[in-house]
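# A closer look at the structure
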Amino acid sequence: MAPAAAARHGVTTTEVDAATLAVSTRGLRKTYRSRRGRQVAVEGLDLDVPLGGVHGFLGPNGSGKTTSIRMLLGLVRADSGTMTLFGEEVPERLPQVIGRVGAIVESPTFFPHFTARKNLQLLARAIGAPDGAVEKVLEDVGLADRAGDRFRTYSLGMKQRLAIAATLLKDPELLIFDEPTNGLDPAGIREIRTTMRTLADQGKTVLVSSHILAEVEQVADTVSIIGHGRLIASGRVSDIIGSATSSVRVGVADRPTALTVLDAAGLTVRLDGHDHLLVDGVDDPAQITRLLAGQGLYVHELVPLTAGLESVFLELTAGQGPGTSVADAVAAPTGRRAAHAESAAERLAAPPAAPPGSGTARTEGEGR
Ligand SMILES: Nc1ncnc2c1ncn2[C@@H]1O[C@H](COP(=O)(O)OP(=O)(O)OP(=O)(O)O)[C@@H](O)[C@H]1O
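Computed from a predicted structure; not experimentally measured.

## Thoughts on the sheet that holds strand β5 (residues 88–90)
With respect to topology, four strands assemble into an open sheet ordered β2-β1-β4-β5, the strand pairing being antiparallel. Unpaired on one side and paired on the other, β2 (37–50) and β5 mark the two borders of the sheet. The sheet shows a mean angle of 30° between the axes of neighbouring strands, taken without regard to direction. Packing against the sheet, helix α2 (residues 65–72) makes contact with β1 (21–34), β2, β4 (80–85) and β5, and its axis sits at approximately 115° to β1.

## Re the sheet that holds strand β8 (residues 205–210)
Ordered in space as β6-β7-β8-β3-β9-β10, the six strands form an open sheet in which the pairing is mixed. Whereas interior strands pair on both sides, the edge strands pair on one side only; in this sheet they are β6 (101–104) and β10 (230–236). Shown here is a sheet whose adjacent strand axes are inclined to one another by a mean of 15°, direction ignored. Pairing analysis gives five bridges linking strand β7 (residues 174–178) to β8, with the strands arranged parallel. Residue pairing across strands places Phe-177 opposite Val-208, the latter belonging to β8. On the sheet, α2 packs against β3 (53–58), β7, β8 and β9 (222–227) and is oriented at approximately 125° with respect to β3.

## Here's the deal with the packing of helix α4 (residues 116–127) against helix α5 (residues 133–140)
At a minimum axis distance of 9 Å, the contact between α4 and α5 shows a crossing angle of 130°. When the interaxial angle is binned, α4 and α5 end up oblique. In the crossing of α4 with α5, the sense of the turn from one axis to the other is right-handed. Here Arg-117, Leu-120, Gln-121 and Ala-124 of α4 come into contact with α5, specifically with Val-134, Glu-135, Val-137 and Leu-138.

## Here we look at the packing of aromatic side chains
Applying the stated criterion across every chain yields a total of three aromatic pairs. Cluster of aromatic residues (ring-pair linked, three or more members): Phe-110, Phe-151 and Tyr-154. The ring of Phe-86 has Arg-100 lying over it, and the distance from NZ or CZ to the ring centre is 4.0 Å. Its guanidinium or amino end placed over the ring of Phe-151, Lys-159 lies 5.3 Å from that ring's centre, counting from NZ or CZ.

## Some words on the side chain of Ser-209
Note that Ser-209 resides in strand β8. In this structure Ser-209 comes out as buried when scored by relative accessible area, which is 0%. Polar contacts involving the side chain of Ser-209 include one to the main-chain amide nitrogen of Glu-179, which spans 2.9 Å. Setting aside residues up to four positions removed in sequence, Ser-209 forms contacts with Phe-57, Lys-65, Ile-69, Phe-177, Asp-178, Glu-179 and Pro-180.

## Structural notes on the pairing of β7
Of all the five residues making up β7, five are buried; the element is thus mostly covered by neighbouring parts of the structure. The side-chain alternation of β7 yields two buried faces, one formed by Leu-174, Ile-176 and Asp-178 and the other by Leu-175 and Phe-177. Pairing between β6 and β7: four bridges, direction parallel. Note that in β7 the partner of Val-101 across the bridge is Leu-174.

## Notes on unusual backbone geometry
Here Val-90 and Pro-91 are connected by a cis peptide whose omega angle stands at 10°. Position of Pro-91 among the secondary structure elements: in the loop between β5 and α3 (94–97). The phi torsion at Phe-86 lies on the positive side, around 50°, for a residue other than glycine. Relative to the elements of secondary structure, Phe-86 occurs in the loop between β4 and β5. At Asp-171, a residue that is not glycine, the phi angle is positive and equals roughly 50°. Topologically, Asp-171 is positioned in the loop between α6 (156–168) and β7.

Basis of the calculations
- Residues numbered from 1 in each chain as written.
- Predicted model: local features only at pLDDT ≥ 70, side-chain atom pairs only at ≥ 80, totals over all residues.
- Heavy atoms only, no water.
- Pairing = 2+ DSSP bridges.
- Helix = DSSP H or I, 4+ residues; strand = E, 2+ residues; numbered from the N terminus.
- Axes fitted to C-alpha atoms, helices over the stretch in contact; angles between N-to-C directions.
- Contact = heavy atoms within 4.5 Å.
- Parallel < 35°, antiparallel > 145°, perpendicular 65-115°, else oblique.
- Left-handed = near helix turned anticlockwise from the far one by under 90°.
- Phe/Tyr/Trp six-rings, centres within 6.5 Å; stacked < 30°, edge-to-face > 60°.
- Lys NZ or Arg CZ within 6 Å of the ring centre and 35° of its normal.
- Buried < 20%, exposed > 50% of the residue type's maximum accessible area, 1.4 Å probe, protein only.
- Polar contact = N/O pair within 3.5 Å; in protein donor to acceptor, adjacent residues only side chain to side chain.

Interpretation note: all reported values are geometric properties and have no functional meaning in isolation.
Below, the structure written as structure tokens:
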């Protein structure tokens, strides 16, 4: 991918004011040693999460999302690079900032026979949350009317929302959710999306990781897309999608001749199934009708196709062989980049000191 294409997708070298960022990393790197040898999990990651709104941290399985989050939270040591939370260097100043962060990165151990309310009350007492916090967080995640039900009767989606409620007890400004919709059905996914939106609308910053780009695209204000442990695109969802190559599906009776005509005009044309042509990189769809009509070919269908983050990702990583760094493909510039532009349901942790009732954080070197 040429630098121009990367820039089109929001990968720029603009300097950012750290005061406007909830999270920032530069050159973050982590290598694991395992029986299979050395595994580079994160390779020079530059990540900027603006204050406020939902920020999607997106990339395929194994691209380094969880490792990055765990480094930010001090659960895994970085090999090199720098990280800040609210402008404070971490892990050095983690004790000063961790109170402003709530994260779901591990398995919670809610008591199955206690009600959701009782579970939260125990946690609230353990961390010294203010009176009324439990009822407020139950309301925030939409569980107020089911708070009297035992935890074991909860659906996966409800369990996940209860885990989110637990992170909200200390009223954090930044929420970090690692793949919160894993294992959920479409209704559960929608509930989590609504909850994240509600939290962002209250002024909080939500950093959510996912390997399903299309899912997060619907709720995120801004995203960072990573591949092979490196940033490949970042910015406002609308800008990234808007920058994608636009395609048009064309229905025409004589497809071979139409293909030749459009190809001769310099357009990128391919066959789509048995009935249509797909023309990429079209600024003005009317150009297609004009070109074809000029040759006596009449279009019976002309549909501009909306791009999504998934197709942007595929476009950015097209042509890479296995093992090729995605960043190589986008000729990644150095320096700051910003664009102004197991079931996760069972995870809960409030690092650095997990309160009683929450799960223990998995640490570096442990098997997955
Ligand atoms: N404790 C570990 N020991 C050895 N290798 C690890 C460990 N944790 C992660 N890895 C490897 O590091 C790479 C990045 O993994 P990571 O879990 O950070 O990616 P991810 O994007 O969160 O993926 P997923 O969406 O599947 O959770 C993978 O190749 C993974 O196998």
